[in-house]
Amino acid sequence: MSTTLLDAAGHLGAAQLPSTESEVWRYSRIAELDLAAFTPTAPHTTVTGAEGLTARPELTAELVATMPVHDVFDELHAQYAHTVEIHVPAGKVLAEPIVVTHHVQGEGTAVFPRLVVHAGADSEFTVVERFESDAVVALIVPRLVLHASQAARVSYLGVNLLANTVWQLGHQQATGERDSTTLLATVALGGDYARVRTDARVVGQGATTKQVALYYADGHQMHDFRTLQDHIAPKTNSDLLFKGAVQDTAK
C-alpha cells in the first residue's frame, strides 16, 4: 500500500497544513489541499547544458541547510527531495543556458524537486527551470537554493507550463555576495493554484538582485507570488517588476 502525504506528514509529527491565519499564507487556497490525495514519487527530470560541471555534495548540503523549515511542506521536502546541483566554477562564463526540466506524471502524485545553484566568483551563466505535466491531478513542491559568490552574475528563469489540474507550492531562496548580480524571473502560465515564494537576500556590499514575473491565468486558476527582498549589507540594490493578466474567475 502506497504512503500518502498525510501518512508521511503524520510520521514526521507535522500533519497539520499551514493556516491562512498565518501572514505568509493569507489569501491563499491552502485550505483546499487534501494531503491524503497524493502519494510521493520521484520526478522525471532532465538536465542539458551542464556537461563538464563537477558535483560538490558537501557544498550542496551546506547550501540546502541555509533554507529554513517553515511548515509541513519543508519537512516533507527534506524527506522526499530529488536534488539537481549546478556548481559553476570561479571565472567561468557559459554562453548557453543550463536547462532543467521536471515533468509530472501520474494521477495523484506528489514530487519534490530541489535545484541547488552555486556561482563561483566572477562567473556568469543562465539557468532555466521548466515545470511541465500531463493532464493529471498532481502536486509539485519545488525548492530553489541559489548562491552567487563575489561578482558572480546569475540569471534564473522558472517557467510554469503545468496542466490546470496541478498544484505548485514553490519556495526560492537566493543569496548574493559582494558585487554580485542575481536575476530571478518567472513565467507563470499553468497550474490550478500555483504559488511561488521568493526570498532574495543581498548579503555583500554592492550586490544587486532583481525579480521579474510575467503571468496569465484564466478559468479558476490562481497565481500566488510572495516576495521578500532582504538588504542585509549596505549599498545594495533590488528591483521588482511583475506584469500579467487574468480573465474569467482567475486571480
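Residue numbers run consecutively from 1 along every chain, following the written order of its sequence. Since the coordinates come from a predicted model, pLDDT governs what is reported: local features require at least 70, and pairs of side-chain atoms require 80 or more to be given and counted, while whole-chain, interface and lining totals use all residues. Each side-chain value is worked out from all heavy atoms of the structure, with water and hydrogens disregarded.

**Student:** An account of the pattern of salt bridges is requested, with residue identities and associated values reported.
**Tutor:** Just to be clear on terms, a salt bridge is a Lys or Arg side-chain nitrogen sitting within 4 Å of an Asp or Glu carboxyl oxygen. Applying the stated rule across the entire model yields 11 salt bridges. A salt bridge links arginine 26 to glutamate 23; the shortest N-O distance between them is 2.9 Å. Between glutamate 132 and arginine 130 there is a salt bridge; the shortest N-O distance is 2.5 Å. Residue glutamate 132 is classed as buried on the basis of its relative accessible area, which comes to 18%. The cut-offs for exposure are 20% and 50% of the maximum accessible area for each residue type, with area from a 1.4 Å probe on protein chains only; residues under the lower value are buried, those over the upper are exposed, and the others partly exposed. Judged by its relative accessible area of 28%, arginine 130 is partly exposed. Salt bridges linked by common partners bring Arg29, Glu32 and Asp192 together as one network.

**Student:** I'd love a proper account of empty space enclosed by the protein, names of residues and values included.
**Tutor:** Here a cavity means grid points, on a 1 Å grid over the protein atoms only, where a 1.4 Å probe fits yet cannot get out; a pocket means an open set of points with protein on both sides within 12 Å along at least five of seven lines; lining residues are those with an atom within 4 Å of a point. Grid points are joined across faces, edges and corners, and a volume is the space filled by probe spheres set on the points. Tallied over the entire structure, the rule returns four cavities of 30 Å³ or more. In this structure, the largest cavity spans a volume of roughly 120 Å³. Residue lining of the largest cavity: 14 residues in total, with Phe131, Tyr156, Gln168, Gln172 and Val196 positioned closest to the centre. Helix and strand labels come from DSSP, where a helix needs a run of H or I of at least four residues and a strand needs a run of E of at least two; each type is numbered from the N terminus. For the lining of the largest cavity, the elements supplying multiple residues, two or more each, are strand E7 (124–133), strand E9 (143–148), strand E10 (153–161) and strand E11 (166–176). Taken together, the residues of the lining of the largest cavity sort by class into five nonpolar, seven polar and two charged. Under the grouping applied here, Gly and all other residues not named as nonpolar or charged are polar, the nonpolar ones being Ala, Val, Leu, Ile, Met, Phe, Trp, Tyr, Cys and Pro and the charged ones Asp, Glu, Lys and Arg.

**Student:** Describe in detail helix H3 (residues 72–80), supporting the description with residues and values.
**Tutor:** All of the buried residues along H3 are Val72, Phe73, Asp74, Leu76, His77 and Tyr80. The term polar contact refers here to a pair of N or O atoms within 3.5 Å; inside protein, the definition further demands a hydrogen-donor-capable atom paired with an acceptor-capable atom, and it admits residues adjacent in sequence only when both atoms are side-chain atoms. Two or three places before phenylalanine 73, at the start of H3, stands the capping residue aspartate 71, its side-chain oxygen 3.0 Å from that residue's backbone nitrogen.

**Student:** Which residues make up the packing of aromatic side chains, and what values do they have?
**Tutor:** Only Phe, Tyr and Trp rings take part, Trp by its six-membered ring, and two of them pair if their centres are within 6.5 Å. Stacked means planes under 30 degrees apart, edge-to-face means over 60, and tilted covers everything else. All chains considered together, the criterion is met by five aromatic pairs. Judged by centre distance (6.0 Å) and plane angle (40°), the rings of tryptophan 25 and phenylalanine 73 are tilted. Separated by 48 residues along the polypeptide, tryptophan 25 in the loop between helix H1 (5–11) and strand E1 (39–40) and phenylalanine 73 in helix H3 bring together distant segments of the chain. In terms of burial, tryptophan 25 and phenylalanine 73 fall into one category: buried. Members of the aromatic cluster, connected to one another through ring pairs, are Tyr215, Phe225 and Phe242. For a ring to carry a charge above it, either NZ of a lysine or CZ of an arginine must fall within 6 Å of the ring centroid while also lying within 35 degrees of the normal to the ring plane. The aromatic ring of tryptophan 25 is capped on one face by arginine 195, whose charged end is 3.7 Å from the ring centroid.

**Student:** If you had to explain the side chain of glutamine 211 to someone new, which residues and values would you point to?
**Tutor:** Inspection of the secondary structure puts glutamine 211 in strand E14 (residues 208–217). The class for glutamine 211 is buried, based on a relative accessible area of 2%.

**Student:** How would you summarise the nonpolar core if you had to cite specific residues and measurements?
**Tutor:** Only buried residues count toward a nonpolar core, which is a set of Ala, Val, Leu, Ile, Met, Phe, Trp, Tyr and Cys residues joined through side-chain atoms within 4.5 Å. With 30 residues, the main nonpolar core has Ile86 and Leu115 as its most contacted residues. The set of elements that each furnish at least two residues to this core consists of strand E3 (82–88), strand E4 (98–104), strand E6 (113–119), E7, strand E8 (138–140), E9, E10 and E11. Contacts were defined at the residue level, with two residues in contact if any of their heavy atoms lie within 4.5 Å. Among residues more than four places away in sequence, those in contact with isoleucine 86 are Leu53, Ile98, Val100, Leu115, Val116, Val117, His118 and Val127. Formed by 20 residues, the second largest nonpolar core is a distinct cluster that contains Leu35, Ala110, Tyr193 and Met222.

**Student:** Can you tell me about unusual backbone geometry, naming the residues and giving the values?
**Tutor:** You will see that aspartate 122, though not glycine, has its phi angle at about 60°, which is positive. Structurally, aspartate 122 can be placed in the loop between E6 and E7. Classification of aspartate 122 by relative accessible area gives partly exposed; the value is 41%. Positive phi, normally seen in glycine, also occurs at aspartate 248, with a value near 60°.

**Student:** Break down the layout of surface pockets for me, with residues and values.
**Tutor:** If a probe the size of a water molecule is rolled over the atoms, the empty space left behind becomes visible. When its volume is computed, the largest pocket comes out at roughly 170 Å³. What lines the largest pocket is Val64, Met67, Pro68, Val69, Asp74, His77, Ala78, Arg114 and Arg143. Ranked by residue count, the leading element in the lining of the largest pocket is H3, at three residues. Broken down by class, the residue content of the lining of the largest pocket amounts to five nonpolar, one polar and three charged.

**Student:** Any chance you could break down the pairing of E4 for me, citing the residues and the numbers?
**Tutor:** For a regular strand, side-chain orientation follows a simple rule: the groups alternate between the two sheet faces. In terms of burial, E4 is largely enclosed, as five of its seven residues are buried. Sheet analysis places strand E2 (residues 44–48) next to E4, joined by five bridges and oriented antiparallel. Across the sheet, the residue bridging to threonine 48 is valine 99, located in E4. Pairing between strands requires that DSSP locate at least two bridges from one strand to the other. Note that E4 and E7 share seven bridges and pair parallel. Along E7, the bridge assignment pairs threonine 101 with arginine 130.

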